[in-house]
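# Topology and contacts: notes
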Amino acid sequence: MERNQLRRQIAVMRQSLFDQGFLDEQFIQLEELQDDTNPNFVEEVATLYYRDSFRLIHSLEQALEKSPLDFNKLDNYMHQLKGSSTSIGAKKVKAECTQFREYCRTGNGEGCIRTFQQLKKEYALLKKKLETYFQMARQAGPTQAACRPK
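Residues numbered from 1 in each chain as written. Predicted model: local features only at pLDDT ≥ 70, side-chain atom pairs only at ≥ 80, totals over all residues. Heavy atoms only, no water.

### A word on the side chain of Arg-101
Looking at where Arg-101 falls in the secondary structure, it is placed in helix 5 (residues 91-106). The buried category is assigned to Arg-101, whose relative accessible area is 13%. Engagement of the side chain of Arg-101 in a polar contact is seen with the side chain of His-79, the distance being 3.1 Å. Excluding its chain neighbours within four sequence positions, the residues that come into contact with Arg-101 are Asp-75, Met-78, His-79 and Lys-82. (Helix = DSSP H or I, 4+ residues; strand = E, 2+ residues; numbered from the N terminus. Buried < 20%, exposed > 50% of the residue type's maximum accessible area, 1.4 Å probe, protein only. Polar contact = N/O pair within 3.5 Å; in protein donor to acceptor, adjacent residues only side chain to side chain. Contact = heavy atoms within 4.5 Å.)

### Section: the nonpolar core
Counting residues in hydrophobic clusters, the biggest one holds 40 residues, and the most contacted among them are Phe-27, Tyr-49, Met-78, Leu-81, Phe-100 and Leu-130. Elements with a minimum of two residues in this core: helix 1 (3-19), helix 2 (25-33), helix 3 (41-64), helix 4 (71-88), helix 5 and helix 6 (109-140). If near-sequence neighbours (up to four positions away) are discounted, Phe-27 is found in contact with Phe-18, Val-42, Ile-88, Gly-89, Leu-130, Tyr-133 and Phe-134. (Core = buried A, V, L, I, M, F, W, Y, C linked by side-chain atoms within 4.5 Å.)

### Here's the deal with the UniProt feature "domain: HPt" (unreviewed entry) in the protein
UniProt tags residues 38-133 as "domain: HPt" (unreviewed entry). End-to-end, the C-alpha atoms of residues 38-133 are 18 Å apart, and along that stretch the chain is 86% helix and 0% strand. (UniProt positions renumbered as here; feature names shortened; annotations may be inferred.)

### Side note on the packing of helix 2 against helix 3
For the pair helix 2 and helix 3, the least separation of the axes is 8 Å and the interaxial angle reads 130°. Comparing the axis directions of helix 2 and helix 3 gives the class oblique. Where helix 2 approaches helix 3, its residues Phe-27, Leu-30, Glu-31 and Leu-33 are matched on the opposing element by Phe-41, Val-42 and Val-45. The residue makeup of the contact of helix 2 with helix 3, split by class, is six nonpolar, no polar and one charged. (Axes fitted to C-alpha atoms, helices over the stretch in contact; angles between N-to-C directions. Parallel < 35°, antiparallel > 145°, perpendicular 65-115°, else oblique. Nonpolar A, V, L, I, M, F, W, Y, C, P; charged D, E, K, R; others polar.)

Put into C-alpha cells, the structure is as follows:
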C-alpha cells in the first residue's frame, strides 16, 4: 500500500477512535510527548497499560468470585484500573470503572458484576483497535506531530 494512502487510513482510524468515544484528550497529550528520540512512546505506554491492567482485571475477577463481596477491595482495584485507564485516555474503560466504583459505594454486587463484564468488553475492543492502529503506524513509519481530532 502506498505510504500516503496508508497514512490517510491511519488518520481516519485514529479519528474514529475519538469519534466512537474510545479515546479522549489524554491520548493526544501522550502523542505530544512522542518525538524522534522515542518514536514509539505512545505504543510503549499502551503496552505497559495493558500489562498492568491485565493483572488488575485478573485480581478483580478473583475478588468478584468470593462471597461475600469485599466492596472496599473491589473499589481499590478498580480505582487503580481507572487511574491507569485515565492516564492513556481510555474513555469508555474509564467510564465503566466509574460506574463500577459507584456500585461498590452502594453495595450493589449485581451491578458490579454486570459493569465488570461490560468493562472487559470495552477493554478488549480498545486493545484490538489500538493494536491494529499501532501496527499500521509502524508500517507507515514516522509522521508529523500529533494533531487534535476534529
